[in-house]
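This is what each chain is made of:
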Amino acid sequence: MSIKVSNVTKEYGLQKALDDVSFEVQSGSVVGFLGPNGAGKSTMMKIITRFIPQTSGVVEVNGITIDDQARDIRKDIGYLPENNPLYTDLYVKEYLTFVANIYKLGKATHRRVNELIELTGIGNEQNKKIGSLSKGYRQRVGLAQALIHNPNVLILDEPTSGLDPNQIVEIRKLIKDIGSEKTVLLSTHIMQEVEAICQKIIIINRGKIVADGSTQEIMARTTVKGLSVLVEFVEEVSQEKLSNIDNISEIKMLGSNTWLLSSKNQKDIRTGIFRFAVENGLTIITMQQKGIQLEEIFQSLTNQS
Ligand code: ADP
Ligand code: MG
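How each quantity is defined
- Residues numbered from 1 in each chain as written.
- Chains lettered and ligands numbered in written order.
- Predicted model: local features only at pLDDT ≥ 70, side-chain atom pairs only at ≥ 80, totals over all residues.
- Heavy atoms only, no water.
- Salt bridge = Lys/Arg side-chain N within 4 Å of Asp/Glu carboxyl O.
- Helix = DSSP H or I, 4+ residues; strand = E, 2+ residues; numbered from the N terminus.
- Buried < 20%, exposed > 50% of the residue type's maximum accessible area, 1.4 Å probe, protein only.
- Patch = residues over 30% accessible without salt bridge, like charges linked within 9 Å, V, L, I, M, F, W, Y side chains within 5 Å.
- Areas by Shrake-Rupley, 256 points an atom, 1.4 Å probe, with all protein chains shown as cover.
- Donors = N, O, S within 2.8 Å, 3.2 Å for Na, K, Ca; no water.
- Contact = heavy atoms within 4.5 Å.
- Arc of directions from axis to C-beta.
- Near = heavy atom within 4 Å.
- Polar contact = N/O pair within 3.5 Å; in protein donor to acceptor, adjacent residues only side chain to side chain.

Going through the model one piece at a time under the given rule, you end up with eleven salt bridges. For the salt bridge of Lys128 with Glu125, the shortest nitrogen-to-oxygen distance reads 3.1 Å. A salt bridge links Asp212 to Lys200; its shortest N-O distance comes to 3.2 Å. Linking Asp212 in strand β10 (residues 208-214) with Lys200 in strand β9 (residues 200-205), this pair joins segments that are twelve residues apart in sequence. Residue Asp212 is classed as partly exposed on the basis of its relative accessible area of 27%.

Put into structure tokens, the structure is as follows:
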């Protein structure tokens, strides 16, 4: 495995930002580190990349314990920090060359810089000042600097934050492509992001891991409200009347005659809805069973106190 975090705790003064956190990230996978703001994601990532020390616990990257003796480990790690701080006065190519020199790429520098410019699609921006770039292109420069020394392990802290929808799609695709060869740990507070690019999810809330597994495993393990059915009637119907449907637990109005009806205990309420419609002389024009959304799982896991 590529990253192994064992019983890591981080205290900022009296506050425990990380509380006995343990997880593993296997090589060759993209793992989503998901949690609300303040959950401890960035803190964990700074510890893995040796920017700050943990209070206690052990982090291993590629089998090597991260401590003061393991200075070389940064060669194996690429890091896109939160808010992607870049030198805004430098030109893109100049900056990437500067980073390549930090990693002592020597003769390979020129070739590697050009490869990364190509890979991250910033050819047209390479001679511009970083400060003049749009957020999406800055994020690409951030990815290019994280990848320049060809690390096995990539730590990306909210790589799509602040991007517009088109840029998000492009950056996600780029990360997915990169992830097929490397180990990627990516933090996000966006549910769809992990659904789109991650094989595995680790959910953190208030410094504690609340779930860890594949999307499917997490869905199977979590009991959320129940199954929901989207129903559209031709006629108007009151919420009070709808509450007579067998096994119904929740009624949400989505449009004038469109409702989201949820069942108790994962029971299928579709036959009950149909019977209700017949008994009340209503016509159903849409009935669609909704699977359990990852979003709901996330809420049910992170709202618990
Ligand atoms: P996330 O990245 O999930 O939003 P962070 O790791 O940034 O969360 O923060 C976790 C908690 O630790 C938050 O409550 C935050 O206020 C606190 N924290 C982060 N950095 C510091 C710091 N340097 N000093 C004090 N508290 C901090
Ligand atoms: Mg953060």
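A cluster of nonpolar side chains, contributed by Tyr87, Phe98 and Ile102, occupies part of the molecular surface with about 320 Å² of accessible area. For Tyr87, the position within the fold is in the loop between β6 (77-80) and α2 (92-102).

This part takes up the coordination of the magnesium ion (ligand 2). For the magnesium ion (ligand 2), the full set of protein donor atoms is Ser42 (OG) and Glu82 (OE), at a range of 2.0 to 2.2 Å. Pair noted here: Ser42 is in helix α1 (residues 41-48) and Glu82 is in the loop between β6 and α2, with a separation of 40 residues, a long-range link. A relative accessible area of 33% means that Glu82 is categorised as partly exposed.

What follows covers the side chain of Thr258. By the element assignment, Thr258 lies in strand β13 (residues 258-263). Beyond its immediate chain neighbours, meaning those up to four positions away, Thr258 contacts Leu230, Val231, Glu232, Lys252 and Met253.

Of all the residues in helix α9 (residues 270-279), the buried ones are Gly272, Ile273, Phe276 and Ala277. What you see down the axis of α9 is that its buried residues fit within an arc of 135 degrees, all on one side. Turned more than 90 degrees from where α9 packs its buried face, Thr271, Phe274, Val278 and Glu279 sit exposed. For α9, the secondary structure elements touched by its buried residues are β11 (228-233), α8 (239-242), β13 and β14 (284-290). Following α9 by one or two positions, Gly281 adopts a phi angle in the positive range, close to 65 degrees.

Bringing the site of ligand 1 into the picture now. If you check the shell around ligand 1, you find Tyr12, Gln15, Ala17, Pro36, Asn37, Gly38, Ala39, Gly40, Lys41, Ser42 and Thr43 and nothing else. The side chain of Tyr12 places a nitrogen or oxygen atom 3.4 Å from a nitrogen atom of ligand 1. A distance of 2.9 Å separates an oxygen atom of ligand 1 from a polar atom in the side chain of Lys41. The protein chains hide 63% of the 550 Å² of surface that ligand 1 would expose on its own. Elements represented by at least two residues in the shell around ligand 1 include exactly β2 (15-25) and α1.

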